[in-house]
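Remarks on the overall topology
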Amino acid sequence: MAHRPQRTFRRRHVDSSDSDGAEDPTAEAGAQREQAARGSPERGPLPAVRAELAGPRRRARGPRGRGRVWASSRRADGGSGVPESRRVDLSTDEEGGTLHSSESRDDQTSSSDSSSSLEERKFSSAVQIPDAAFIEAARRKRELARVQGDYIPLDVKHPSTTSAVKRNTSRNEETSENSQEDENQDIWEQQQMRKAVKITEGRDTDLSHGSDSAAVKKFETSISFPPVNLEIIKKQLNTRLTLLQDTHRSHQREYEKYVEDIKSSKSTIQNLERSSNQALNYKFYKSMKMYVENLIDCLNEKIIHIQEIESSMHALLLKQAMTLMKRRQDELKHESTYLQQLPRKAETSTNGSLAVDENTQRILEEVESRRSRRRQARTLAGNFNHQEGTSSDDELPSAERTDFQENQGDILQDYKKVFEDVNDDFCSIQNILLKFQEWREKFPDSYYEAFIGLCIPKLLNPVIRFQLIDWNPLKLGSIGLKQMSWFTSIEEFIDTSVEDTKKDNSSDKKILSTVINKTVIPRLTDFLEFIWDPLSTSQTTSLIIHCRVILEEHSTWKNEVSKSKQDLLKSIVSRMKKSIEDDVFIPLYPKSTVEDKTSPHSKFQERQFWSALKLFRNIFLWNGLLPDDTLRELGLGKLLNRYLIIALLNAIPGPDVVKKCSQIAACLPEKWFENPAMKMSIPQMESFIQCLLQSAHNLSRSEFRNEVKEVILILVKIKALNQAESLIEEDHLDDLKSLIKEV
């Protein structure tokens, strides 16, 4: 919509000389407005009006209305019913006959602004717009007045205004501005007339109430719409519902994402709040880095001394073990040789004494001397059931014992000096673990991301090896692993772990088992392969205690089968096989030679049998740690059937044979025979069963009923029930059938 140009209203000063030469259109317009306000159709005398307004006074231009009458305002002519806006006054004044159309429009505008709402309602009923011919005639009259010079022209370039500009510069400037405004006003009026014509032609409603509401369009019934049924509506509703559901799901996903983002942000905020002081964090990490570097440097320097001392201690113990084993083998060799030569030398002896070389004589005397001392010790202890050959002959001569103690003392002195110049933070396992525990508590994320649980066993390895230097697992009563300080420190470190306890594969939980696999088991394996004597019950018992802690409590419950533990088991089996081959020797002599229980041959044979039986017992002490198949192979296949059964079959029948058989059966693991549905014994026991039956048949002919009963009990224990029943029937021992029924 075109806007009406803004007009400026200025007052002009009129001199007395101007009153006669020019008409003031303002006065004329004012007179017309007065006449229009009164409603008179007659025009007032223009000369009288000009006479009143003439003189040297300031005259004001009539204000223009904000809008033209045909655009927004209406007038009523004194109640005659004919709107005044329809009449355009084209009359000129009496002197010049000039009509100032623009002033007339100003008067009409001013009058329309002051008209009442009643006049507007009347005007709305009949609006008449001048036609083009009428407007063109008015324009020609105006041009004629401008040519005559009796009218202030709108065009500032017109020649008639030249003299006026020379007379009064101020007036010409105002006239030029007003003329330009009048020209713009004419253009705006034309635009408004065209709009009013369009509005009037399209108006169908009554404008009597003065409202400018939009016309209501009539509904044309001739327009046809596509048919609508329930299926189409349902389909559209379903489509709309699907779109809404998709939108809802999209919004739901966005909501969930925002919720997760909020949680993550809150977690990040908490982490940042916990670690807000970056300077302290940096200081801690820097100090931890320096500590680890210093610890590694210290251990790298001390590991050389630790290895030297460890090797010295191992060499000392190995020397002692080799000395004892070599002495036992030499004594066995010399004594066996002496007994083989004894009958022949007895025949050639003239004075009744045995002629032997000095070395053999010396060895035999030393052996007998040690046996005498052990018998005295057992007598003082009240042990009268001891069998010769079951004691461990591990006594050293005083000189060798003193030398061993001195060397051991020197090694321990060097051992104490290793960390003498080291701060406790770098040699105490508890202090080392406290450093890493502080890291784990303050910054658990970085601790676990750095896999410190996998590094700790390597850092602790030198210190643990240092503490194990003076540890002898073969010595009965030696400190157990659980009582060691490093063991308890590691357990406490694991118990205080802040990691999720449900994770079985936690790196911290594997620290103890890793230390045992990498540090303790290799140390223990060295003792097994080179120092352990399987014939020694005390060494075997002590070794089993430590191995049970390692193999059961820290391996089976985690279902771990590490290479180091497999090597440990292989070392145990290999060492026992070697002992069976090297240390077991049961000589066979004629019955006439061994009938005398006091003869040297009988005593030597008895000692060797009980020594082999002692090894048999020590082998089955490993029950639960070694597989059953391995124990049967070692104990039954290699020792019982190859050595012990042969000695029993060649022995003189009697209560001693039953006693030996009873000792053999007592060494067998009870779990092998716990199955109640078992009617046959294990296959490796067949030779032993036949030996029992033979002894029972020999004793049944004599007055050894109790020994026969003992044999039947042994058969029942080893689940040889069929053989026991056959024995009872063959020897008519019906009173012993109750023993089988009890089973």
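1. Quick look at the packing of aromatic side chains
As enumerated under the stated definition, the model contains 15 aromatic pairs in all. Ring centres of Tyr415 and Phe466 lie 4.4 Å apart, and the angle between their planes is 20°; this geometry places the pair in the stacked category. Within this pair, whereas Tyr415 is found in helix α12 (residues 398–416), its partner Phe466 is found in helix α16 (residues 452–467), the two being separated by 51 residues in sequence. You'll find Tyr415 and Phe466 in the same group, each marked buried. By the ring-pair criterion, three or more aromatic residues cluster together here, those being Phe284, Tyr285, Trp439, Phe443, Tyr447 and Tyr448. For the cation-ring pair, Lys435 lies above Tyr291, with the distance from its terminal atom to the ring centre recorded as 5.3 Å. The ring of Trp672 is capped by Arg632, whose NZ or CZ atom sits 4.7 Å from the centre of that ring.

2. Digging into the pattern of salt bridges
A complete count under the given rule lists 23 salt bridges for this structure. A salt bridge links Arg142 to Asp186; the nearest nitrogen and oxygen atoms lie 3.5 Å apart. Of the two residues, Arg142 is situated in helix α6 (residues 132–148) and Asp186 in helix α8 (residues 169–202); the sequence distance between them amounts to 44 residues. Like Arg142, the residue Asp186 is buried in the burial classification. Between Asp330 and Lys326 there is a salt bridge, and its shortest N-O distance comes to 3.0 Å.

3. Focus: a negative patch on the surface
Residues Glu400, Asp403, Glu406, Asp410 and Asp414 make up a contiguous surface patch of negative charge. You can see Glu400 is positioned in helix α12. Residue Glu400 is classed as partly exposed on the basis of its relative accessible area, which comes to 38%.

4. With respect to the environment of Leu460
With respect to the helices and strands, Leu460 occurs in helix α16. Between the C-alpha atom of Leu460 and that of Ile511, which follows or precedes it by 51 residues, the distance is 10.0 Å.

5. Quick word on helix α25 (residues 686–700)
Under the 1.5 Å per step criterion, the end-to-end length of α25 is 21 Å for 15 residues, consistent within 8% with the ideal 21 Å. For α25, the secondary structure elements touched by its buried residues are α23 (628–649), α24 (655–667), α26 (705–717) and α27 (721–730).

6. Details of unusual backbone geometry
Of note, the phi angle at Phe451 is positive, near 55°, even though the residue is not glycine. Within the secondary structure layout, Phe451 lies in the loop between α15 (444–449) and α16. Despite not being glycine, Lys719 has its phi angle at roughly 65°, a positive value. Relative to the helices and strands, Lys719 resides in the loop between α26 and α27.

7. Quick look at the packing of α25 against α27
When two helices pack together, their arrangement is captured by the angle between the axes and the distance separating the axes. Where α25 meets α27, the axes come as close as 11 Å, and the angle between the chain directions of the two elements is 15°. Viewed along their axes, α25 and α27 adopt a mutual orientation that is roughly parallel. Crossing of α25 against α27: the hand is right-handed. Here α25 contributes Glu686, Ile689, Leu693, Ala696 and His697 to the contact with α27, which in turn contributes Gln723, Leu727 and Glu730. A breakdown of the residues in the contact of α25 with α27 according to their chemical character gives four nonpolar, two polar and two charged.

8. Here's the deal with the packing of helix α14 (residues 429–442) against helix α17 (residues 485–495)
In the contact formed by α14 and α17, the axes pass within 10 Å of each other and the chain directions differ by 10°. In this view, α14 runs roughly parallel relative to α17, as classed from their interaxial angle. Here Ile429, Gln430, Leu433, Phe436, Gln437 and Arg440 of α14 lie close against α17, whose contacting residues are Trp486, Ser489, Ile490 and Phe493. When its residues are assigned to classes, the contact of α14 with α17 shows six nonpolar, three polar and one charged.

9. As for a nonpolar patch on the surface
On the surface, a nonpolar cluster with roughly 290 Å² of combined accessible area is contributed by Val228, Ile233 and Leu237. Note on placement: Val228 falls in the loop between α8 and α9 (230–274).

Definitions and cut-offs
- Residues numbered from 1 in each chain as written.
- Predicted model: local features only at pLDDT ≥ 70, side-chain atom pairs only at ≥ 80, totals over all residues.
- Heavy atoms only, no water.
- Phe/Tyr/Trp six-rings, centres within 6.5 Å; stacked < 30°, edge-to-face > 60°.
- Helix = DSSP H or I, 4+ residues; strand = E, 2+ residues; numbered from the N terminus.
- Buried < 20%, exposed > 50% of the residue type's maximum accessible area, 1.4 Å probe, protein only.
- Lys NZ or Arg CZ within 6 Å of the ring centre and 35° of its normal.
- Salt bridge = Lys/Arg side-chain N within 4 Å of Asp/Glu carboxyl O.
- Patch = residues over 30% accessible without salt bridge, like charges linked within 9 Å, V, L, I, M, F, W, Y side chains within 5 Å.
- Areas by Shrake-Rupley, 256 points an atom, 1.4 Å probe, with all protein chains shown as cover.
- Lys, Arg positive; Asp, Glu negative; His and termini not counted.
- Charge placed at Lys NZ, Arg CZ, Asp CG, Glu CD.
- Expected span 1.5 Å × (residues − 1).
- Contact = heavy atoms within 4.5 Å.
- Axes fitted to C-alpha atoms, helices over the stretch in contact; angles between N-to-C directions.
- Parallel < 35°, antiparallel > 145°, perpendicular 65-115°, else oblique.
- Left-handed = near helix turned anticlockwise from the far one by under 90°.
- Nonpolar A, V, L, I, M, F, W, Y, C, P; charged D, E, K, R; others polar.

Without other data, these values stay purely geometric and don't point to any function.
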